[in-house]
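Breakdown of the fold
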Amino acid sequence: GSWNDQALALLFPLCELATLAALYGFLARRVSALSGATAAALTALCFPLFRAVNVGTAEVPFAFSVVLVATAFLDALFDRTPTILARVAVASLFCVSIKQEGWLFVGLLAVALAIRRRWIPGLALAAPAALHWMLLYFLRGPQTRRDFDFTLFQPHHWGELVPRFFQVLGRFGTEALAGWIPLLAIVLYLVVTRRGRADPLLPIVAIQILCYAVAFSVSSFDPMYAVEGAFRRIAITLFPALTLVLAARLPEPPRSAS
């Protein structure tokens, strides 16, 4: 129950290694060893996520939890064995317990499974998240956040909300321009390569970012201050999951005849 920077300095490198191992393990199993190594290398090169300033914040373990629940979700698209369903449930609970936006990510994955009529895996995703929310509600009361002004969603406040939303989107664009070279490379890569096994994650990551824009728009403080303080951390937190999509598009090596 107390702050221990030495313990965190030991824990967070283990989270990084676990993230790399999860990326490699899933892609080596579903695509190829080269694909897994590529995703692990891309994530390892994303050094801003793992620098010392993030020790003690939730970004490093949350990035790990997003990778875990994303790989479990992709496995659930292919199969629904008891082992996979158990992984889905554990990863869901881990993700929602670290940061509040974990509920959003898990919810989007559950909706995606429901759209594909994968009802049982979808339930395995949603049930732990719902149970976690209910336990928090009964133990700590309503999970209200003073950081957000939800009255802006009321119809008579839409005239204020809409300009704030487009202002946030504009700032997102400005922030993205700072990394326009890698961003352009990613877009071109997605255009010229064929769909991969992890492509179902693309719309989910996009919607997650859009929901962040909505959240910043209803900030109780200056929305621009919220974007400046959080946008880059959000981008690097979601990047390891995006490497699943990128590396899964690598051509699979020819299989030798048995």
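Structure's up top.
Worth saying up front: this structure is predicted, and the values here are computed from it rather than measured.

Regarding the overall build of the protein chain
What the protein chain contains, in helices and strands, is 11 helices and zero strands. Counted from the first residue to the last, the protein chain has its helices and strands arranged as α-α-α-α-α-α-α-α-α-α-α. In terms of overall size, the protein chain behaves like a compact globule, its C-alpha atoms giving a radius of gyration of 19 Å where 258 residues would be expected to give roughly 18 Å. Along the longest, intermediate and shortest principal axes, the C-alpha atoms of the protein chain span 65 × 45 × 45 Å. Counting all 258 residues of the protein chain, 42% fall into the buried class. Long-range pairs, those at least 24 residues apart, make up 79% of the contacts in the protein chain with a sequence separation of at least 6. If you sum the accessible surface of the protein chain, you get close to 14,300 Å²; carbon and sulfur atoms cover 68% of it.

Focus: the packing of helix H5 (residues 82-98) against helix H6 (residues 101-115)
At a minimum axis separation of 6 Å, H5 and H6 run at an interaxial angle of 145 degrees. Here Ser-92, Cys-95 and Val-96 of H5 come into contact with H6, specifically with Gly-102, Trp-103 and Val-106. Residues belonging to the contact of H5 with H6 are distributed by class as follows: four nonpolar, two polar and no charged.

Brief notes about helix H1 (residues 5-30)
Helix length check: H1, at 26 residues, gives a terminal C-alpha distance of 38 Å against a target of 38 Å (1.5 Å per residue), a fit within 8%. Every buried residue of H1 is listed here: Leu-8, Phe-12, Cys-15, Thr-19, Leu-20, Ala-22, Leu-23, Phe-26, Leu-27 and Arg-30. In the core, the buried residues of H1 are packed alongside helix H2 (33-45), helix H4 (59-78), H5 and helix H11 (223-248).

Some details on empty space enclosed by the protein
Empty space among the atoms becomes apparent when a probe as large as a water molecule is rolled across them. In total, this model carries one cavity of 30 Å³ or more according to the counting rule given. There is about 40 Å³ of room inside the largest cavity. Lining the largest cavity are Glu-59, Phe-62, Lys-99, Glu-101, Tyr-212, Arg-233, Ile-234, Thr-237 and Leu-238. When contributions to the lining of the largest cavity are tallied by element, the ones reaching two or more residues are H4 and H11. If one sorts the elements of the lining of the largest cavity by residue count, H11 sits on top with four residues. Considering only residue class, the lining of the largest cavity consists of four nonpolar, one polar and four charged.

Focus on the side chain of Glu-101
On the secondary structure map, Glu-101 appears in helix H6. The class of Glu-101 is buried, set by a relative accessible area of 13%.

Quick notes on the pattern of salt bridges
It is possible for side chains bearing opposite charge to pair when their charged atoms get close. Within this structure, the stated rule accounts for 12 salt bridges. Glu-59 is the salt-bridge partner of Arg-233, the closest N and O atoms lying 2.7 Å from each other. Taken as a pair, Arg-233 in helix H11 and Glu-59 in helix H4 lie far apart in primary sequence, 174 residues in all. A relative accessible area of 31% means that Arg-233 is categorised as partly exposed.

A closer look at the environment of Tyr-24
Its location among the elements puts Tyr-24 in helix H1. Taking the C-alpha atoms as reference points, Tyr-24 and Ala-247, separated by 223 residues in sequence, lie 9.9 Å from one another. When sequence neighbours within four positions are dropped, the list of residues in contact with Tyr-24 reads Ala-33, Gly-36 and Ala-37.

Overview of a nonpolar patch on the surface
Residues Leu-131, Trp-133, Met-134, Leu-135, Tyr-137, Phe-138 and Leu-139 make up a contiguous nonpolar surface patch of roughly 790 Å² in combined accessible area. Here Leu-139 lies in helix H7 (residues 119-140).

Digging into the nonpolar core
Phe-73 and Phe-216 are the most contacted members of the largest nonpolar core, which totals 68 residues. At 16 residues, the largest contribution of residues to this core is made by H11. Not counting the four nearest positions on each side in its chain, Phe-73 is found in contact with Leu-109, Ala-112, Leu-113, Pro-200, Leu-201 and Ile-204.

Describing the side chain of Glu-59
Residue classification places Glu-59 among the buried positions, given a relative accessible area of 4%. Of the polar contacts made by the side chain of Glu-59, one reaches the side chain of Lys-99; its length is 2.8 Å. With near-sequence residues (within four places) excluded, Glu-59 lies in contact with Leu-49, Lys-99, Arg-233 and Thr-237.

Digging into the packing of H6 against H7
Put simply, H6 and H7 touch, their axes get as near as 8 Å, and they point 150 degrees apart. Here H7 runs roughly antiparallel to H6, going by the angle between their axes. Note that H6 runs across H7; the crossing there is left-handed. The residues of H7 that touch H6, namely those facing Trp-103, Val-106, Leu-109, Ala-110, Leu-113 and Ala-114, are Trp-119, Pro-121, Gly-122, Leu-125, Ala-126, Ala-129, His-132, Trp-133 and Leu-136. A breakdown of the residues in the contact of H6 with H7 according to their chemical character gives 13 nonpolar, two polar and no charged.

Quick notes on the rules
Residues numbered from 1 in each chain as written. Predicted model: local features only at pLDDT ≥ 70, side-chain atom pairs only at ≥ 80, totals over all residues. Heavy atoms only, no water. Helix = DSSP H or I, 4+ residues; strand = E, 2+ residues; numbered from the N terminus. Rg over C-alpha atoms; globule rule 2.2 N^0.38 Å. Buried < 20%, exposed > 50% of the residue type's maximum accessible area, 1.4 Å probe, protein only. Contact = heavy atoms within 4.5 Å. Areas by Shrake-Rupley, 256 points an atom, 1.4 Å probe, with all protein chains shown as cover. Axes fitted to C-alpha atoms, helices over the stretch in contact; angles between N-to-C directions. Nonpolar A, V, L, I, M, F, W, Y, C, P; charged D, E, K, R; others polar. Expected span 1.5 Å × (residues − 1). 1 Å grid on protein atoms, 1.4 Å probe; cavity = no way out; pocket = protein on both sides within 12 Å on 5 of 7 lines; lining within 4 Å. Points joined across faces, edges and corners; volume = space filled by probe spheres on them. Salt bridge = Lys/Arg side-chain N within 4 Å of Asp/Glu carboxyl O. Patch = residues over 30% accessible without salt bridge, like charges linked within 9 Å, V, L, I, M, F, W, Y side chains within 5 Å. Core = buried A, V, L, I, M, F, W, Y, C linked by side-chain atoms within 4.5 Å. Polar contact = N/O pair within 3.5 Å; in protein donor to acceptor, adjacent residues only side chain to side chain. Parallel < 35°, antiparallel > 145°, perpendicular 65-115°, else oblique. Left-handed = near helix turned anticlockwise from the far one by under 90°.

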